[in-house]
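# Per-entry structural report
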Amino acid sequence: MEYDELLRKIMSSKKTTNGIRFTPPAVDIEQSGQRTTITLDKLANYINRPIDHLAKYLMHELTSSGQMEGGKLILAGRFSRNLINEKINGYINEYVICKQCKSPDTQLVKEGKNYFIKCMACGAEYPVGRIK
């Protein structure tokens, strides 16, 4: 077979995605007084990340103290839904999406004090920053 024929055959058999495959669930946000409660358990399960890691990231990014109660993060202060969603998207881009192939099929691996992203799709492995 010629190169062009082989290339066409491969390209026609390749799976195509329409970009809708990775749609994290929306988080529930409740505000009462000077507290904001964010339900994180469904999101943490969907992105396959420890809920406490996600909560620590949000507290750091929103510069707020908070505590976990069940699957909910209770933050001191009032935060808009847009700001919280922006920070969650930042977490997904930093700690979930593979920087090599853009796949969400990754694992967060902790070795000592360092975190690594390990991609199940392309096999890439690279360090990510710690949350301070």
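Criteria and thresholds
- Residues numbered from 1 in each chain as written.
- Predicted model: local features only at pLDDT ≥ 70, side-chain atom pairs only at ≥ 80, totals over all residues.
- Heavy atoms only, no water.
- Pairing = 2+ DSSP bridges.
- Helix = DSSP H or I, 4+ residues; strand = E, 2+ residues; numbered from the N terminus.
- Axes fitted to C-alpha atoms, helices over the stretch in contact; angles between N-to-C directions.
- Contact = heavy atoms within 4.5 Å.
- Disulfide = S-S within 2.5 Å.
- Buried < 20%, exposed > 50% of the residue type's maximum accessible area, 1.4 Å probe, protein only.
- Salt bridge = Lys/Arg side-chain N within 4 Å of Asp/Glu carboxyl O.
- Phe/Tyr/Trp six-rings, centres within 6.5 Å; stacked < 30°, edge-to-face > 60°.

### Points about the sheet that holds strand 2 (residues 35-39)
In spatial order, the strands read 1-2-4-3; together these 4 strands make up an open sheet with antiparallel pairing. Across the chains shown, the open sheet's two edge strands, defined by having one partner strand only, are strand 1 (28-32) and strand 3 (66-69). Put simply, the sheet's adjacent strands are angled 20° from each other on average, direction ignored. Taken together, the 4 bridges between strand 3 and strand 4 (residues 72-76) define a ladder with antiparallel strand orientation. Of the residues in strand 4, the one forming a bridge with Gln67 is Ile74. The sheet strands contacting helix 3 (residues 51-61) are strand 3 and strand 4, and the helix crosses strand 4 at an angle near 20°.

### What about the state of the cysteines?
According to the stated counting rule, one finds 0 disulfides in the structure shown. For the unlinked cysteine Cys101, the closest cysteine sulfur is that of Cys119, found at 3.6 Å. Under the relative-accessibility criterion, Cys101 is labelled partly exposed at 33%.

### So, the sheet that holds strand 6 (residues 114-119)
Reading across the sheet, the 3 strands line up as 5-6-7 and stay open at both edges, with antiparallel pairing between neighbours. Both edges of this open sheet fall to strand 5 (106-111) and strand 7 (125-128), since each of them pairs with a single strand only. In this sheet, adjacent strand axes meet at a mean angle of 30° when their direction is disregarded. Relative to strand 6, strand 5 runs antiparallel, the two sharing 6 bridges. From the neighbouring strand, Gln107 faces strand 6, where its bridge partner is Lys118. The sheet strands contacting helix 4 (residues 81-95) are strand 5, strand 6 and strand 7, and the helix crosses strand 5 at an angle near 75°.

### Brief notes about helix 3
Inspection of helix 3 places His53, Leu54, Ala55, Tyr57 and Leu58 among the buried residues, and these make up the whole buried set. For helix 3, the elements touching its buried residues are helix 2 (41-47), strand 3, strand 4, helix 4, strand 5 and strand 6. At the exit of helix 3 stands Thr63, carrying a positive phi of roughly 45°.

### A closer look at the pattern of salt bridges
Under the criterion given, the structure shown has 1 salt bridge. A salt bridge links Lys87 to Glu61; the nearest nitrogen and oxygen atoms lie 3.7 Å apart. Taken as a pair, Lys87 in helix 4 and Glu61 in helix 3 lie far apart in primary sequence, 26 residues in all. A residue is classified by how much of its surface remains accessible, and Lys87, at 17% relative accessible area, is buried.

### A short note on the packing of aromatic side chains
In this description, an aromatic ring pair is defined by two values, namely the gap between the centres and the angle between the planes. Per the counting criterion, the structure on display carries 3 aromatic pairs. Residues Tyr57 and Tyr91 carry aromatic rings whose centres are separated by 5.2 Å and whose planes lie at 65° to one another, so their mutual orientation is edge-to-face. Of this pair, Tyr57 sits in helix 3 while Tyr91 sits in helix 4, and the two are 34 residues apart along the sequence. Taking the centre distance of 5.9 Å and the plane angle of 75° together, the rings of Tyr57 and Tyr95 count as edge-to-face. With Tyr57 in helix 3 and Tyr95 in helix 4, this pair connects stretches of sequence that are 38 residues apart. For the pair Tyr57 and Tyr95, a shared accessibility class is recorded, and that class is buried. Connected via pairs of aromatic rings, a cluster forms that spans Tyr57, Tyr91 and Tyr95.

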